[in-house]
Amino acid sequence: MALFSQTSHRGFQALLWKCHMFWPVSRCLAASFSIPTREKINYFSFMTSSSTALPVDPKETGVLPTEKRSEIDCKEEKGWDEETKEIPEGKHHFSSSVGAAKKWSMSPVVSRHKFTNVQPPEKPLQSEEWNRLRENFQLPEIFEELMLNSMIRCNSPIDVAKSLLTHVAKRNGDISYSVLVKYLTLCVQQGQVSEIRDVYDIMKVRFKILEIGAYNLFIKGLSNSDQWRMALTLLEEAKKIMIPSRTSYESCIKAASCHQEMKLAFELYHEMLTKDVVPTLDVLQSFFDFSKGMKGAELQKELFGILLYLRENQIYPHETFMQSIKLWFESIPGRNWRGHLTNIKDSGQCPVCNHQLEDSNLTEEEYNNLSERIIRDVIHGTDTFRKTSPQEFEAFQTFVENRLPFDIVIDGLNVSHIKPRRMHCENLLDAINCLAKDNVRLLVLGRKHMMINSSNWKREIMKEMQNKADFFFAENISDDDAFLLYATLRSGKHCKFVTRDFLRDHKACLSDSLTRHLFRKWQRGHQIVLSSSGDGKRITFLPAFQYDCVVQTTGDTWHIPYKDVFEEKYSYQVPRKWLCIQQK
């Protein structure tokens, strides 16, 4: 077998049986398994101690309950450290032999950086040499896992890692789940397809289920090889017990696209969306990259659908993604599309094709419906009153109604942090001075701690600001977003607001897609963008757009806003650069 090529297959098997003969009965579960027709693999005997996941019981036919995601996949694979490819300790769940869920601690919780100086050997070692290294290590019980982490970080030769696993098997008669996964990580990192297949056969025989981190690795490793169709098989296997991760879906999508099976790639993409698995910009870009020069009305319809997905979700491609879109359009045989980079005029007119972009303003009916829904679903129908008492919000409503209308509502605490090296009150004063022109009526939403004289909130500066704007001071724990939305909407369609918050949580509280679309459109046309100037000495404001800053089309033109660089998080800022594509 490739995995233990340093020790003959029979020798390693005999070694495990020898361990079985002398292992204490209370710690030992022996099982002999057949592995389906693979070269160099006939069967293997494994010992499973209480410190590792349970082996499959051949007599058991119980089905594991389906879970939406395994715990390791929560928050979009953040359990996997991209630098060291570590699996967080103590987060694996496996089924016991009677079907009940059990949590198995993989190793003690260890500081990530405490042992970063572990240096893996440059060549394979004998068991005696590994024993000496382990005995001299500060925490020998986690020596193998940390050594493998270092091997991953240093991209050590596979033979070095094999010698460590052979040593572990000789010593314990067993290799733990976490150690196998770390070895698998190194194999995937180096594209060792044969080793990946061997590890898969071992783990499927030894463990009742695999968690999503292992599936991610197997699928990623196989999808980048000539055995990519096996990755599709593993994806189907994973679906039986969980919703596969974004990583697994996208690895399969890229593999299918790379082999020109675009129909299959789009089927997986649509499946992702139906399961609420959000695609990355990287995989969306890959559709355009792999489709260049290809004919087909159905393919074109699918790619147009991705552009409309960007529109619906207010997603702005980065420059390299934008270039992929441009090149795809221009590569469509016989369609004569041409793309140009431009900046839209303040009036909303494109200087390339002279097309007028969509207006950012809502109709009177749309505005009234949106205002009613936000007040009902977002302000009164969410967690507002977990942080804000009904009495306080009622007092705020009375305050606002007695002073309507306002022209600009400012999230005071949010704005006060824009330049961290200055006093908070100075930041807020700069913003008020910049906005308080032409008799504009300002409402600043503050917190009660601002009224207490302190290093960040000077009493004399607070008095100066209160002469230029109305202030409402909420409790320090109150949800000021609800106050911001209420005051802005009650002031009318003309009123703008200032915050660096993207307000994503509030959009999510709206029950239907049409209302969420209107909320985003209203936000794009009413949120004033602020930033610190290049020299850091003043605050600058970019006014809200008069035109709608989303992907839009007329059939023979497409206008796509884009950003210079990739941004992992959603931003409240909208781009100023556009790609204009027109059909000649």
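Everything below is about the structure printed above this text.
Here's what I pulled together on the structure shown here.

Cut-offs used in this document
- Residues numbered from 1 in each chain as written.
- Predicted model: local features only at pLDDT ≥ 70, side-chain atom pairs only at ≥ 80, totals over all residues.
- Heavy atoms only, no water.
- Helix = DSSP H or I, 4+ residues; strand = E, 2+ residues; numbered from the N terminus.
- Buried < 20%, exposed > 50% of the residue type's maximum accessible area, 1.4 Å probe, protein only.
- Contact = heavy atoms within 4.5 Å.
- Pairing = 2+ DSSP bridges.
- Axes fitted to C-alpha atoms, helices over the stretch in contact; angles between N-to-C directions.
- Salt bridge = Lys/Arg side-chain N within 4 Å of Asp/Glu carboxyl O.
- Phe/Tyr/Trp six-rings, centres within 6.5 Å; stacked < 30°, edge-to-face > 60°.

With respect to the element layout, Ser150 can be found in helix H4 (residues 143-154). Residue classification places Ser150 among the buried positions, given a relative accessible area of 0%. For the pair Ser150 and Val118, spaced 32 residues apart in sequence, the C-alpha separation works out to 6.4 Å. With residues up to four places along the chain from it excluded, the contact list for Ser150 reads Val118 and Pro120.

A word on the sheet that holds strand E12 (residues 552-553). Taking strand neighbours across the sheet as the criterion, the 4 strands line up as E5-E14-E13-E12 in an open arrangement whose pairing is antiparallel. On the outer flanks of this sheet lie strand E5 (337-342) and E12, each paired with one strand and no other. With 2 bridges joining them, E12 and strand E13 (residues 557-562) adopt antiparallel strand pairing. Considered in E13, the bridge of Gln552 is made with His559. Strand contacts of helix H14 (residues 319-331): E5, E13 and strand E14 (577-583), with the helix running at about 155 degrees to E5, the strand carrying the most contacts.

Okay, the pattern of salt bridges next. Within this structure, the stated rule accounts for 22 salt bridges. With a closest N to O distance of 2.1 Å, Arg229 and Glu261 form a salt bridge. Remark: Glu261 occurs in the loop between helix H10 (246-258) and helix H11 (262-274) and Arg229 occurs in helix H9 (residues 228-239); sequence separation between them is 32 residues. With relative accessibility at 43%, the residue Arg229 sits in the partly exposed group. Judged by its relative accessible area of 25%, Glu261 is partly exposed. For Arg422, the salt bridge identified is with Glu426, shortest N-O distance 3.6 Å. When its relative accessible area of 25% is taken as the criterion, Arg422 is described as partly exposed.

In this section: the packing of aromatic side chains. Evaluation of the coordinates by the stated rule reveals 28 aromatic pairs. With a centroid separation of 5.3 Å and 70 degrees between ring planes, the pair formed by Phe393 and Phe483 is classed as edge-to-face. Remark: Phe483 occurs in helix H21 (residues 480-491) and Phe393 occurs in helix H17 (residues 390-401); sequence separation between them is 90 residues. An identical accessibility class is assigned to Phe393 and Phe483; each is buried.

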